[in-house]
Amino acid sequence: MTSTDIVDQWAASQDLPAWFVQAMAVPREEAFVEVDGSKVHYFRWGKRGKPPLLMTHGFLAHARCFAFIAPFLADEYDIIAYDLAGMGDSEIAADCDGEKRAKDMVAVADALDLFANAVKPKIIAHSFGSGVALTAMEMAGERFGGLIICDLMVMRPEKLLAHFEGGGGPPGSGRSDRANKVYPDYQSAHARFVLSPPQPVQEPFLFEYMAYHSLRRVDAGEQQGWSWKFDPMVFDRNENDMAKWAQTPQRIADLPHRLAMIYGENSKLFDADSAAYIRELGGSHVPMIAVPEAEHHLMLDQPLALVTALRSVLALWTD
């Protein structure tokens, strides 16, 4: 079976490895569920009744960043990967701050019956999605079986300040009051697709895959061409959300629930010093696993090594 995600628009010029083609052919469900009046887009792999996993992505990304990861876990788990509000194909409501996103994460798990299993659902989240998941664990951690954070931005205060003063910040930036630009053709839109933070990827075909599925065709009156899937409202962040970035290391160290961290060994947002800082704050009990040769977007650099790391953590979390 050929995946509907593999289309000539992006794949014709790519040399796709067998593991990717086979992974994308693993059966999955694609649907929407309504949460607090908004439609949430999700994929589901595996078999109902297996231990449940809930996956989500980084800022301006979408659930397909796990579409070639989740199939490797599908024999043993019931897996949901969903688009955060205003990203991918999910809708966004007004005033969608970090607290609302965290409540929605719990609500998605509830609506899709992940809490009905005898084994509590575990969360796997990347970057911005890890921040959402951390808040969800603070809200309702007793309902989950643990959280695996993948390369969330963590820095000592002085490094974080230098990062912001140097023009850095949480991945992704833009204006909530400006509509997404419509480009005349796919090639023009694709040329504007970049990773944040910027990095080359070691598996270029995965960059092409993510770029294509981050865009949508526009055919409404004079507006014809290609534009981004994400809603500009995702840039409407409040001060409380931003302040939480500085508090993240202590929040990780203090979380009273099961937690593990996986990061790119060459990541610009989480490094060995980040791990040391969390330990100094009291988080020495948290396993922190570096994926060799990977940067922040570790699933685009070392996807199979990421699968191995996830399998290893999950194998120890059997309840």
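My aim in this report is to walk through the structure given alongside it, one point at a time. Everything numeric in this text was worked out from a predicted model, so none of it was measured.

**Some details on the state of the cysteines**
Consideration 1: With the rule as written, the count across this model stands at zero disulfides.
Consideration 2: The thiol of Cys65 is unpaired, and the distance to the nearest cysteine sulfur, on Cys150, comes to 9.2 Å.
Consideration 3: Assessed through its relative accessible area of 3%, Cys65 is described here as buried.
Consideration 4: Not engaged in a disulfide, the cysteine Cys96 finds its nearest cysteine sulfur in Cys65; these two sulfurs lie 18 Å apart.

**Quick notes on the pattern of salt bridges**
Consideration 1: Under the criterion given, the structure shown has 16 salt bridges.
Consideration 2: The closest approach of N and O atoms between Arg48 and Glu29, which form a salt bridge, is 2.9 Å. Of this pair, Arg48 sits in the loop between strand S2 (38-46) and strand S3 (52-56) while Glu29 sits in strand S1 (residues 29-35), and the two are 19 residues apart along the sequence.
Consideration 3: Classification of Arg48 as exposed rests on a relative accessible area of 51%.
Consideration 4: With a shortest N-O distance of 2.9 Å, Lys268 and Glu295 are connected by a salt bridge. Here Lys268 is found in the loop between strand S9 (259-264) and helix H9 (272-283), whereas its partner Glu295 is found in the loop between strand S10 (288-291) and helix H10 (298-301), with 27 residues between them in sequence.
Consideration 5: Exposure remark for Lys268: the relative accessible area of 47% places this residue in the partly exposed category.
Consideration 6: Judged by relative accessible area, Glu295 falls into the buried class, the value being 16%.

The rules behind each value
Residues numbered from 1 in each chain as written. Predicted model: local features only at pLDDT ≥ 70, side-chain atom pairs only at ≥ 80, totals over all residues. Heavy atoms only, no water. Disulfide = S-S within 2.5 Å. Buried < 20%, exposed > 50% of the residue type's maximum accessible area, 1.4 Å probe, protein only. Salt bridge = Lys/Arg side-chain N within 4 Å of Asp/Glu carboxyl O. Helix = DSSP H or I, 4+ residues; strand = E, 2+ residues; numbered from the N terminus.

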